[in-house]
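Below, each chain spelled out in residue letters.
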Amino acid sequence: MSFSLARYLLNLHLSFSSRTASTTATNNHGYILLAPKVTTTKFTTTAILREEPQKPSAEELLVVVGGGAAGVYGAIRAKTVAPNLKVLVIEKGKLLSKVKVSGGGRCNVTNGHCADNLVLADHYPRGNKELRGSFFNMHGPMDTMSWFVDRGVDLKTEDDGRVFPVSNSSSSVIDCLLSEAKCIGVSLQTGKVVTSASASASGKFLLKMERRTLKSVELVEADYLLIASGSSPQGHNLAIQLGHSIIDPVPSLFTFKIEDAQLIELSGVTFSKVIVKLKLENVQRNIPHLTQIGPMLVTHWGLSGPAILRLSAWGARYLYTSGYKGKLIVDFVPDLHIEDLKSMLSQQKNRFLKQKVLNSCPVELRLVKRFWKYILDREGLMGDTLWASVSNNSLVFIANLLKHCTFEVKGKGQFKDEFVTAGGVPLSEIHLNTMESRIQPNLYFAGEVLNVDGVTGGFNFQNAWSGGYIAGSSIGRVAGNANLEGAMRI
């Protein structure tokens with residue numbers, strides 16, 4: 001059946017079944033657009049895929065599903081390597097939406113403190129073993145930084161390694177990517193969803209796209225397909241349709257909900273360095289990554305900050321199976337040994353016998369007064385208690401509380417719009433040196449659609465840049481070779 005006959009039958013079916021006036025148009029890419037106008041009945045249609053390949057065109061087509069960091073970056077790279085390749089990016093929402101909100105609107109582009117790829121790979125709870133190979137060698141953080149700087153985006157590296165635009169605005173990154181895509185001829189289309197995908201006998205991809213707001217269906221044949229749809233079920237469904245399996249996604253990078261009325265009063269208090277350890281009932285063995293060190297923030301619902309977010313990422317699946325309940329043990333003074341801390345508190349008592357404990361926290365501890373009061377309240381010491389009235393047992397209790405303060409985790413909070421998941425297409429089903437599927441030729445993946453996720457600090461975006469670059473390079477090389485072979489045959 002020819003594609004023209006299929007279109008005729010589909011139009012005929014629509015005119016009889018729903019009594020609609022159907023118009024047929026061709027968009028600026030030469031793809032057939034079916035746009036039935038609905039009157040009284042609900043619009044439904046079945047995609048009629050052609051059984052015979054169309055006459056090949058002079059140019060091949062790459063369709064990228066997903067207009068996020070990995071998708072746009074991969075599209076640009078593919079078009080750069082193979083200028084004659086048609087590249088079409090399909091995004092159901094807004095382009096680069098996660099880029100816009102990341103880093104509080106500043107966009108944490110990457111991390112500049114991981115020159116060693118083995119160290120870099122250790123920042124990925126899912127993928128830390130697989131990414132130790134050539135993945136970051138092909139396109140690492142320094143390559144990403146150079147790419148943006150070469151295109152006019154000045155970058156800065158903060159003390160913790162996070163890299164941001166000097167402008168402190170994610171718009172700098174977004175404008176750069178969109179401008180580059182437009183300049184080299186990448187087509188970006190929004191408001192569309194790729195709802196189904198299949199591979200024909202000729203090796204082409206037959207895609208069904210829908211724009212629900214206009215009740216339209218578009219049938220597209222692509223030579224190459226790059227799925228870079230993030231954690232969206234859309235990409236997972238397409239992967240399954242094309243023969244892949246999916247590791248069920250669960251949340252990663254989230255805050256901990258703590259039920260402690262006194263802790264709520266500390267909302268906004270930050271700690272520059274703590275050690276946090278997570279204990280879960282269903283995890284008996286000691287897992288090193290369930291202990292993290294770094295800054296922590298008290299919120300009105302519990303605890304957040306880099307240390308907590310990293311802990312949530314490494315413990316994502318354990319926390320999921322435990323119902324997000326467990327014990328969190330915090331060391332608020334990690335640079336002090338317990339015995340030294342006891343001695344410091346004893347000396348403080350002897351020096352300030354007639355002063356109120358609340359008003360004379362040891363300055364070496366660098367604790368804000370609100371938190372010092374929280375510790376004293378947990379020991380049962382009133383605000384007007386004098387140091388002279390504090391027993392040695394209380395000093396020991398305070399020391400232990402500062403070194404081993406236990407909180408009950410009662411749930412999780414989402415990391416707002418920067419939501420990250422653990423799960424997706426298994427890395428064992430793709431070639432990491434090309435990002436091509438091991439199951440379906442000319443099918444590629446990049447970004448969070450794969451079972452890869454990083455901790456906070458620019459690592460998730462670096463996975464997107466690296467994967468998109470490798471996939472785009474591979475597609476571009478294959479397309480370039482195909483065009484060369486076609487020219488030689490002519």
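Residues numbered from 1 in each chain as written. Predicted model: local features only at pLDDT ≥ 70, side-chain atom pairs only at ≥ 80, totals over all residues. Heavy atoms only, no water.

## Quick notes on the overall build of the protein
Item 1. If you tally the helices and strands in the protein, you get 15 helices and 23 strands.
Item 2. By residue count, 51% of the 490 residues in the protein fall in the buried class.
Item 3. By element, 52% of the accessible surface of the protein is carried by carbon and sulfur atoms, the whole surface being about 22,500 Å². (Helix = DSSP H or I, 4+ residues; strand = E, 2+ residues; numbered from the N terminus. Buried < 20%, exposed > 50% of the residue type's maximum accessible area, 1.4 Å probe, protein only. Areas by Shrake-Rupley, 256 points an atom, 1.4 Å probe, with all protein chains shown as cover.)

## Considerations on the sheet that holds strand E7 (residues 162-165)
Whenever strands of a sheet pair, they do so through backbone hydrogen bonds, lying parallel or antiparallel.
Item 1. With antiparallel pairing, the 3 strands of this open sheet are ordered in space as E5-E7-E6. Edge positions in the sheet fall to strand E5 (110-111) and strand E6 (155-157), since each of these pairs with one other strand and no more. (Pairing = 2+ DSSP bridges.)

## A closer look at the packing of aromatic side chains
Item 1. In total, this model carries 17 aromatic pairs according to the counting rule given.
Item 2. An angle of 85 degrees between the planes, with centres 5.4 Å apart, marks the rings of phenylalanine 254 and tyrosine 324 as edge-to-face. Residue phenylalanine 254 is located in the loop between strand E13 (247-252) and strand E14 (255-258), and its partner tyrosine 324 is located in the loop between helix H11 (316-321) and strand E18 (326-331); the two are separated by 70 residues in the primary sequence.
Item 3. Look at tyrosine 324 and you get buried, because its relative accessible area is 12%.
Item 4. Aromatic side chains phenylalanine 332 and phenylalanine 371 sit 4.5 Å apart centroid to centroid with 50 degrees between the ring planes, which places their arrangement in the tilted category. Taken together, the positions of phenylalanine 332 in the loop between E18 and helix H12 (338-351) and phenylalanine 371 in helix H13 (residues 369-379) put the pair 39 residues apart, joining distant regions of the chain.
Item 5. We classify phenylalanine 332 as buried; its relative accessible area is 6%.
Item 6. Judged by relative accessible area, phenylalanine 371 falls into the buried class, the value being 2%.
Item 7. Taken together, the ring pairs in this structure connect Tyr73, Trp147, Phe148, Phe461 and Trp465 into an aromatic cluster.
Item 8. The residue whose ring lies beneath arginine 378 is phenylalanine 407, and the NZ or CZ to ring-centre distance is 5.7 Å.
Item 9. Positioned above the aromatic ring of tyrosine 324 is the side chain of lysine 412, whose terminal nitrogen or guanidinium carbon lies 5.6 Å from the ring centre. (Phe/Tyr/Trp six-rings, centres within 6.5 Å; stacked < 30°, edge-to-face > 60°. Lys NZ or Arg CZ within 6 Å of the ring centre and 35° of its normal.)

## Considerations on the pattern of salt bridges
Item 1. In total, this model carries 14 salt bridges according to the counting rule given.
Item 2. For glutamate 158, the salt bridge identified is with arginine 106, shortest N-O distance 2.9 Å. Highlighted residues: glutamate 158 in the loop between E6 and E7 and arginine 106 in the loop between helix H3 (97-105) and E5, separated in sequence by 52 residues.
Item 3. Lysine 403 serves as the salt-bridge partner of aspartate 331, at 2.9 Å between the closest nitrogen and oxygen. Residue aspartate 331 is located in strand E18, and its partner lysine 403 is located in helix H14 (residues 392-403); the two are separated by 72 residues in the primary sequence. Note on accessibility: aspartate 331 and lysine 403 belong to one class, buried.
Item 4. Taken together, the salt bridges that share partners define one network made up of Arg106, Glu158, Asp160 and Arg162. (Salt bridge = Lys/Arg side-chain N within 4 Å of Asp/Glu carboxyl O.)

## Looking at the packing of helix H2 (residues 69-81) against helix H7 (residues 170-184)
Packed helices, taken two at a time, are described by the angle between their axes plus the distance between the axes.
Item 1. With their axes 10 Å apart at the nearest point, H2 and H7 run at an angle of 30 degrees to one another. Classified by the interaxial angle, the pair formed by H2 and H7 is roughly parallel. Crossing angle aside, the handedness with which H2 passes H7 is left-handed. Here Val72, Tyr73, Ile76, Lys79 and Thr80 of H2 lie close against H7, whose contacting residues are Leu177, Glu180, Ala181 and Ile184. (Axes fitted to C-alpha atoms, helices over the stretch in contact; angles between N-to-C directions. Parallel < 35°, antiparallel > 145°, perpendicular 65-115°, else oblique. Left-handed = near helix turned anticlockwise from the far one by under 90°. Contact = heavy atoms within 4.5 Å.)

## Describing the sheet that holds strand E16 (residues 291-298)
Item 1. Ordered by their spatial adjacency, 6 strands build a closed barrel running E14-E17-E16-E15-E18-E19, and the pairing between neighbours is antiparallel. Taken over all neighbouring pairs, the strand axes of this sheet differ in orientation by 50 degrees on average, direction set aside.
Item 2. Pairing geometry for strand E15 (residues 270-279) and E18, over 5 bridges, is antiparallel. Within the sheet, the bridge partner assigned to lysine 279 lies in E18 and is lysine 327.
Item 3. Where helix H10 (residues 306-314) meets the sheet, its contacts fall on E14, E15, E16, strand E17 (302-304) and E18, and the angle it forms with E16 comes to roughly 130 degrees.
Item 4. Running at roughly 110 degrees to E18, H14 makes contact with E18 and strand E19 (405-413) of the sheet.

## Some details on the environment of serine 216
Item 1. Its location among the elements puts serine 216 in strand E11 (residues 216-222).
Item 2. Residue classification places serine 216 among the buried residues on the basis of a relative accessible area of 8%.
Item 3. Separated by 24 residues in sequence, serine 216 and lysine 192 have C-alpha atoms that sit 9.6 Å apart.

## Some words on the side chain of aspartate 331
Item 1. What makes aspartate 331 buried here is its relative accessible area of 10%.
Item 2. Apart from residues lying up to four places away in sequence, aspartate 331 is in contact with Val274, Ile275, Leu402 and Lys403.

## Section: unusual backbone geometry
Item 1. Even without being a glycine, tyrosine 324 presents a positive backbone phi close to 60 degrees.
Item 2. Backbone geometry places methionine 435, a non-glycine residue, at a positive phi of 70 degrees.
Item 3. In this structure, methionine 435 sits in the loop between strand E21 (430-431) and strand E22 (436-437).
Item 4. On the accessibility criterion, methionine 435 (1% relative accessible area) is buried.

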